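Coordinate analysis (summary)
Below, each chain spelled out in residue letters.
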Amino acid sequence: MNKGKRLLKVLAGVIGFGIIGILVWITVSFTGDPVSALLATSGIRRYVAETYPGRGFETDWASYSFKTGDYFSMVRDPESPDTVFSVSWRGGEIRYDNYSFEVEECNTTLRRFSEEYDRLVEEAVSRDFPYETELCYGDLQLSGKWPGLRLDAVFSLEEIPGGTVCVWVTGEEQDIETMAECLLALDAAMEKAGIPVERYSLSLRAPEKGGGLSVFDYPAEQVVSDGLAGRLEQYLEDWDGTADTKENG
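Here the residue index of a chain counts from 1 through its sequence in written order. With pLDDT at 70 or above as the cut-off, local features in this predicted model cover only qualifying residues; side-chain atom pairs require 80 or more to be listed or tallied, and sums for whole chains, interfaces and linings still use all residues. The side-chain figures draw on all heavy atoms in the structure; neither hydrogens nor water molecules are used.

Side note on the overall build of the chain
Labels follow the DSSP assignment, with helices taken as runs of H or I lasting at least four residues and strands as runs of E lasting at least two, numbered in each case from the N terminus. Across its full length, the chain carries seven helices and nine strands. Burial analysis of the chain (249 residues in total) assigns 39% to the buried set. In this description, accessible areas are obtained by the Shrake-Rupley approach with a 1.4 Å probe, and a residue is regarded as covered only by the protein chains that are shown. Carbon and sulfur atoms form 55% of the exposed surface of the chain, whose accessible area is close to 14,600 Å². Three exposure classes are used, based on accessible area relative to the maximum for each residue type with a 1.4 Å probe and protein chains only: buried under 20%, partly exposed in between, and exposed over 50%.

Here's what the structure looks like:
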């Protein structure tokens, strides 16, 4: 083999190893490396055992977050569905533990309730709302509003405060009268399903034409047929973000 071919072979090998190295570096950048994951898991499990002795918590194997560079583990109590929180580790030390926010402040419970509320809202809209929809969801914003919220509580429509219901309606008509009709129909669907609502956000949209008409956080108690179109018009005029809530062209 002449020197030229031997040199090309060496260069090809170097380039090949270089490409492999780059691929490994990219993979580690996004997924972390097994050694660090092992160290993180060990460190987090030791921290959980020392911080929450006798609680019987289960700690998952650590995963890598490429956004923060931390390794984190989900920690859970097998006897409590809402006792779920995360602990992160980096550089040999614990970075954060969100037990206080997730568990003590009942945010895991709130999230579970909000997901159930959203599911029931979507079912009611699909079943009893006589307009074509592009988007629909329900949200419970209960932080600081519901002192009775407790860990592992059973979800009940009779006990929760009203949430926010948001619907995008697709159609040709984009005027106050149509918005009033849609709100009345939406409120009737929620009432039929026994779903408490505090506020509605409704958008009338015609994607092929562009533009639309929207109202945000409209009080559910004001959704009554007499004079609704007029109240909606006044609400839009008084709304601070008129550029976002009125007709968009």
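Topic: a negative patch on the surface
The patch calculation keeps residues exceeding 30% relative accessible area without a salt bridge and links them within 9 Å when they carry like charges or within 5 Å when they are nonpolar (Val, Leu, Ile, Met, Phe, Trp, Tyr). We define a salt bridge as a contact between a side-chain nitrogen of Lys or Arg and a carboxyl oxygen of Asp or Glu at a distance within 4 Å. Charge assignment: positive for Lys and Arg, negative for Asp and Glu; neither His nor the chain ends contribute. Note on charges: their place is set at NZ of Lys, CZ of Arg, CG of Asp or CD of Glu. Together, Glu177, Glu181, Glu233, Glu237 and Asp238 give the surface a local cluster of negative charge. For the negative patch, the elements supplying multiple residues, two or more each, are helix 5 (176-193) and helix 6 (228-238). At three residues, the largest contribution of residues to the negative patch is made by helix 6. Looking at the secondary structure, you find Glu237 in helix 6.

Topic: the packing of helix 5 against helix 6
Angles shown run from 0 to 180 degrees and are taken between the N-to-C directions of axes, each axis being a line fitted to C-alpha atoms and, for helices, limited to the stretch in contact. At a minimum axis distance of 9 Å, the contact between helix 5 and helix 6 shows a crossing angle of 110°. Our classification of the angle between helix 5 and helix 6 gives roughly perpendicular. Contact residues: helix 5 offers Ile176, Met179, Ala180, Leu183 and Leu184, while helix 6 offers Leu228, Ala229, Leu232, Glu233 and Leu236. Any angle that falls under 35 degrees is termed roughly parallel, while one over 145 is termed roughly antiparallel, one within 65 to 115 roughly perpendicular, and all others oblique. Residues are treated as being in contact if the distance between any of their heavy atoms lies within 4.5 Å.

Topic: the environment of Leu186
As for its placement among the helices and strands, Leu186 is situated in helix 5. You can call Leu186 buried: its relative accessible area is 0%. For the pair Leu186 and Asp128, spaced 58 residues apart in sequence, the C-alpha separation works out to 8.2 Å. If sequence neighbours within four positions are ignored, Leu186 has contacts with Val125, Phe129, Val165, Val167 and Tyr200.

What to know about the side chain of Thr109
Mapping Thr109 onto the fold places it in helix 4 (residues 107-128). Discounting chain neighbours no more than four positions away, the residues touching Thr109 are Asp82, Leu149, Arg150, Leu151, Asp152 and Ala153.

Side note on the packing of aromatic side chains
The geometry of two aromatic rings is summed up by the distance between their centres and the angle between their planes. Stacked, tilted and edge-to-face are the three classes applied to pairs of Phe, Tyr and Trp rings, where Trp contributes its six-membered ring and a pair requires centres within 6.5 Å; stacked means planes under 30 degrees apart, edge-to-face means over 60, and tilted covers the rest. Scanning the entire structure with this criterion turns up ten aromatic pairs. Consider the rings of Tyr71 and Trp89, whose centres lie 6.3 Å apart with planes at 65°: the pair is edge-to-face. Of this pair, Tyr71 sits in strand 3 (residues 71-77) while Trp89 sits in strand 4 (residues 80-90); the two residues are 18 residues apart in sequence, bridging distant segments of the chain. By the burial criterion, Tyr71 is buried, and Trp89 matches it. The rings of Tyr52, Phe57, Phe85 and Tyr99 are connected pair by pair, giving a single aromatic cluster. In this scheme, Lys NZ or Arg CZ marks a charge over a ring once it lies within 6 Å of the ring centre and within 35 degrees of the ring normal. Over the aromatic face of Trp168 sits the side chain of Arg205, whose NZ or CZ is 4.1 Å from the ring centroid.

Quick look at the pattern of salt bridges
Within this structure, the stated rule accounts for ten salt bridges. A salt bridge links Arg76 to Asp60; the nearest nitrogen and oxygen atoms lie 2.8 Å apart. Highlighted residues: Arg76 in strand 3 and Asp60 in the loop between strand 1 (58-59) and strand 2 (63-64), separated in sequence by 16 residues. Assessed through its relative accessible area of 29%, Arg76 is described here as partly exposed. Residue Asp60 is classed as partly exposed on the basis of its relative accessible area, which comes to 30%. The residue Arg95 makes a salt bridge to Asp70 at a minimum N-O spacing of 3.9 Å.

Here we look at the sheet that holds strand 8 (residues 197-205)
Sheets are built from strands that pair by backbone hydrogen bonding, the pairs being arranged parallel or antiparallel. With mixed pairing, four strands are arranged side by side in an open sheet as 6-7-8-9. The open sheet is flanked by strand 6 (133-139) and strand 9 (212-219), the only strands paired with a single partner. Across the sheet, the mean angle from the axis of one strand to that of its neighbour is 5°, orientation sign disregarded. The rule for pairing is simple: two strands pair if DSSP sees at least two bridges between them. Taken together, the eight bridges between strand 7 (residues 163-170) and strand 8 define a ladder with parallel strand orientation. By the bridge assignment, Val165 is partnered in strand 8 with Tyr200. Across the sheet, helix 4 touches strand 6, strand 7 and strand 8, and the angle it forms with strand 6 is around 145°.

With respect to helix 4
Between its first and last C-alpha, helix 4 extends 31 Å over 22 residues, near the 32 Å set by a 1.5 Å rise per residue. Considered for burial, the residues of helix 4 that qualify are Asn107, Thr108, Thr109, Leu110, Phe113, Ser114, Tyr117, Asp118, Leu120, Val121, Ala124 and Val125. Looking at the packing, one finds that the buried side of helix 4 touches strand 4, helix 3 (99-104), strand 6, strand 7, helix 5 and strand 8. The span expected for a helix works out to 1.5 Å for each residue beyond the first.

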